[in-house]
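Letter by letter, the chains look like this.
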Amino acid sequence: MIRRDWFKRHVEIMAQALGAVLGLKSKGDIQAAAAAIEAAIPKAFGMGGKLALGLPIEEFITLACRGEEPSAEFLSASAKLFREWAGLLETPGRATEAAAALARAQALLQLAESRDGRAV
């Protein structure tokens, strides 16, 4: 029960961040949208953005999930957050970080699909 509640709360953090980002993007405030995601990363995963992008995927998941096995929903929400972040990182010319965020999104999506048994 506690594990499920923890994952649910962190999925909610990611969903709120994505909602804020989409609202800011629709207003044309790309810098604020990027800042909103960068502020949500530590809340969602318990680590800063550079660490979240730099760790191998297995270590990232272990740290982000506190050693618990993540749900497909958590992995899918994480993939969406990283995919959106990748798009925002491309705007100011942070190509290396954008590529890392996109790679992280793709890896998380593949894991979510393998756990869930269907496309997410």
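Up top is the structure these notes are about.
Enquirer: Which parts of the structure should I look at to understand unusual backbone geometry?
Expert: Across residues other than glycine, the phi torsion is negative in most instances, and most of the peptide bonds are trans. Residue Arg66 is not a glycine yet carries a positive backbone phi of 55°. Within the secondary structure layout, Arg66 lies in the loop between α4 (57-64) and α5 (72-90).

Enquirer: Explain the nonpolar core to me, please; I cannot follow it from the model alone.
Expert: A general feature of soluble globular proteins is that nonpolar side chains tend to end up buried together. One finds Phe45, Phe60, Leu81, Phe82, Trp85 and Leu108 to be the most contacted residues of the largest nonpolar core, which totals 38 residues. When contributions to this core are tallied by element, the ones reaching two or more residues are α1 (2-26), α2 (30-45), α3 (49-54), α4, α5 and α6 (95-116). The leading source of residues in this core is α5, at ten residues.

Enquirer: Would you take a moment to explain the packing of aromatic side chains for this structure?
Expert: Any pair of aromatic rings gets described here by the distance separating the centres and the angle formed by the planes. One pass over the structure, following the stated rule, counts eight aromatic pairs. Look at Trp6 and Phe7: their rings are 5.0 Å apart centre to centre, the planes differ by 85°, and that puts the pair in the edge-to-face class. Residue classification places Phe7 among the buried positions, given a relative accessible area of 4%. Aromatic side chains Phe60 and Phe82 sit 5.6 Å apart centroid to centroid with 80° between the ring planes, which places their arrangement in the edge-to-face category. One end of the pair, Phe60, is in helix α4; the other, Phe82, is in helix α5, with 22 residues separating them in the sequence. We classify Phe82 as buried; its relative accessible area is 0%.

What counts and what doesn't
Every chain is numbered on its own, with residues counted from 1 as its sequence reads. Only residues with pLDDT of at least 70 get local features here, since the model is predicted, and only at 80 or more are side-chain atom pairs given and counted; chain-wide, interface and lining totals rely on the full set of residues. For side-chain calculations, the full set of non-hydrogen atoms in the structure is used, while hydrogens and water are omitted. Each helix is a run of H or I in the DSSP string that is no shorter than four residues. Each strand is a run of E no shorter than two, and both are numbered from the N terminus. Here, the term nonpolar core denotes a set of buried Ala, Val, Leu, Ile, Met, Phe, Trp, Tyr and Cys residues that are joined through side-chain atoms within 4.5 Å. When a residue's accessible area, from a 1.4 Å probe over protein chains only, is under 20% of the maximum for its type it is buried; when over 50% it is exposed; and in between it is partly exposed. Working definition: a ring pair exists when centres of Phe, Tyr or Trp rings (six-membered ring for Trp) sit within 6.5 Å. Plane angles under 30 degrees give stacked, over 60 give edge-to-face, the rest tilted.

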